[in-house]
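# Residue-level structural notes
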Amino acid sequence: MKYTAIVLAAGKGSRMNSTVSKQYMMLEGKPVLAYSLEAFENSRIDEIILVTGRGEEEYVKRDIVDAYGIRKVTHIIAGGKERYHSVYEGLKAASGSDYVLIHDGARPFVTEGLIHRTMEAVTKKQACVVGMPVKDTIKIADENGIVCSTPDRSRVWMVQTPQAFAYELVYHAYTEMVARQDCSITDDAMAVEQICKTPVVLVEGSYRNIKITTPEDMLIAAAFVRSEK
Ligand code: CTP
Ligand code: MG
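To keep things clear, this report deals only with the structure shown in the data block. (Residues numbered from 1 in each chain as written. Chains lettered and ligands numbered in written order. Predicted model: local features only at pLDDT ≥ 70, side-chain atom pairs only at ≥ 80, totals over all residues. Heavy atoms only, no water.)

Moving on: the environment of E193. On the secondary structure map, E193 appears in helix α6 (residues 188–196). Overall, the relative accessible area of 38% leaves E193 in the partly exposed class. Spatially, the C-alpha atoms of E193 and A127 are 9.1 Å apart, while their sequence positions differ by 66 residues. (Helix = DSSP H or I, 4+ residues; strand = E, 2+ residues; numbered from the N terminus. Buried < 20%, exposed > 50% of the residue type's maximum accessible area, 1.4 Å probe, protein only.)

In C-alpha cells:
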C-alpha cells in the first residue's frame, strides 16, 4: 500500500500580516514548514508532495527540502488561488497512491505518532480527520450577532490536519468540486462528506497541533518548541 502526504504551503498568510509567508517564517531557528516535513520524513509515509506558491518552488527546494535533508519529497508543485485548488494540484500529482494524508504546512506540531494513528484509521475507515473537542462553548448566531442556539459542547470538534482518505474517493470528490466551482466547501472532509456521502471518522489529535494563523500563534508555537527542547 502506498501512502502519500500532500503538504500545503501555497497560501499567502494574509491574517499573519507579515512580509514573509507564515509557512517560511523562522520558528526558534527553523522554518515553520520544516517541522512538519521532518515529521513526515521520519514516519512510515512513502512519499511527500509539497504544494507551494507559484515561483517559490526553487527557494523551497534549496532552503527547506534540501537544507533539512527531506528525502521523501518527490514533487514540488505550484498550488492555486484557494486552498482547494492547491489540494487538487497535489491530488493530481499523487496518482498511483492508495491513501493520501493532506496536511497544512502551517501546522508544525504534527508528530510521527499522530501520522501513524491517521494512517491506521484511514486504512480501516477510508476517510478520517484529526480533531479535538472544543474547549470553549460555541454559539450559533444570526447575521445580526444574536445568539440562536448553543450546540452540545461534547459533540463539537475543531478539526485539524492531517485529513486522510482513500485516494480514489478524495480524487473523485475534488474532481466534482472543481467542476462545480463549489467554494462553499472549506475543508477536505467536507468535499468527501457532501460529494461521496462516505462517513468521515474523527481521529484524536492534540491541543498542540495548532495552525499558525495570526501573530500570537507564533508566540504560542515558540513556547511549544522550547518546552520540547
Ligand atoms: N494553502 C494553500 N493554498 C491556498 C491557500 C492555503 O496551500 N491557496 C495552505 C496554506 O499555506 C496553509 C493551509 O493551506 O498551510 C491552511 O490555510 P490557511 O491557514 O488559511 O493559510 P493562508 O491561506 O495562507 O492564510 P490566510 O487565510 O490568513 O490568508
Ligand atoms: Mg486561508
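Next comes the rest of the account.
Moving on to the layout of surface pockets. Empty space among the atoms becomes apparent when a probe as large as a water molecule is rolled across them. Within this model, the largest pocket holds a volume of roughly 840 Å³. Taken together, 37 residues form the lining of the largest pocket, with G11, R15, R83, D104 and K211 sitting closest to its centre. Elements with a contribution of two residues or more to the lining of the largest pocket: β1 (3–9), α3 (83–93), β10 (157–166) and α5 (167–180). The leading source of residues in the lining of the largest pocket is β10, at 4 residues. When its residues are assigned to classes, the lining of the largest pocket shows 10 nonpolar, 15 polar and 12 charged. Its volume calculated, the second largest pocket comes out at about 220 Å³. In this structure, the second largest pocket is lined by K30, Y35, E38, A39, P108, F109, V110, T111, E112, R208, V225 and E228. Of all the elements in the fold, those that place two or more residues in the lining of the second largest pocket are α1 (32–41) and α7 (215–228). (1 Å grid on protein atoms, 1.4 Å probe; cavity = no way out; pocket = protein on both sides within 12 Å on 5 of 7 lines; lining within 4 Å. Points joined across faces, edges and corners; volume = space filled by probe spheres on them. Nonpolar A, V, L, I, M, F, W, Y, C, P; charged D, E, K, R; others polar.)

Attention now goes to the site of ligand 1. Around ligand 1 there are 19 residues in total, and G13, S14, R15, S86 and K211 lie nearest to it. Contacts to ligand 1 include S86, whose side-chain N or O atom sits 2.7 Å from a nitrogen atom. Compared with its free state, where it exposes 560 Å², ligand 1 has 88% of that area covered by protein. Taken together, the elements giving at least two residues each to the shell around ligand 1 come down to β1 and α3. Across the shell around ligand 1, the residue classes break down as 4 nonpolar, 7 polar and 8 charged. (Near = heavy atom within 4 Å. Polar contact = N/O pair within 3.5 Å; in protein donor to acceptor, adjacent residues only side chain to side chain. Areas by Shrake-Rupley, 256 points an atom, 1.4 Å probe, with all protein chains shown as cover.)

Our focus in this paragraph is a nonpolar patch on the surface. A surface patch of nonpolar side chains, amounting to about 230 Å² of accessible area, comprises W157, V159 and L202. Overall, L202 belongs to the partly exposed group, its relative accessible area being 36%. (Patch = residues over 30% accessible without salt bridge, like charges linked within 9 Å, V, L, I, M, F, W, Y side chains within 5 Å. Salt bridge = Lys/Arg side-chain N within 4 Å of Asp/Glu carboxyl O.)

In this section: the pattern of salt bridges. Scanning the entire structure with this criterion turns up 11 salt bridges. Between K81 and E82 there is a salt bridge, and its shortest N-O distance comes to 3.5 Å. For K81, a relative accessible area of 74% translates into the label exposed. A salt bridge links K92 to E89, with the shortest nitrogen-to-oxygen separation between them at 3.3 Å. With K92 and E89 both in helix α3 and 3 residues apart, the pair spans about one turn of that helix. The class for E89 is partly exposed, based on a relative accessible area of 28%. Connected through salt bridges with shared partners, the residues R83, D104 and R107 form a single ionic network.

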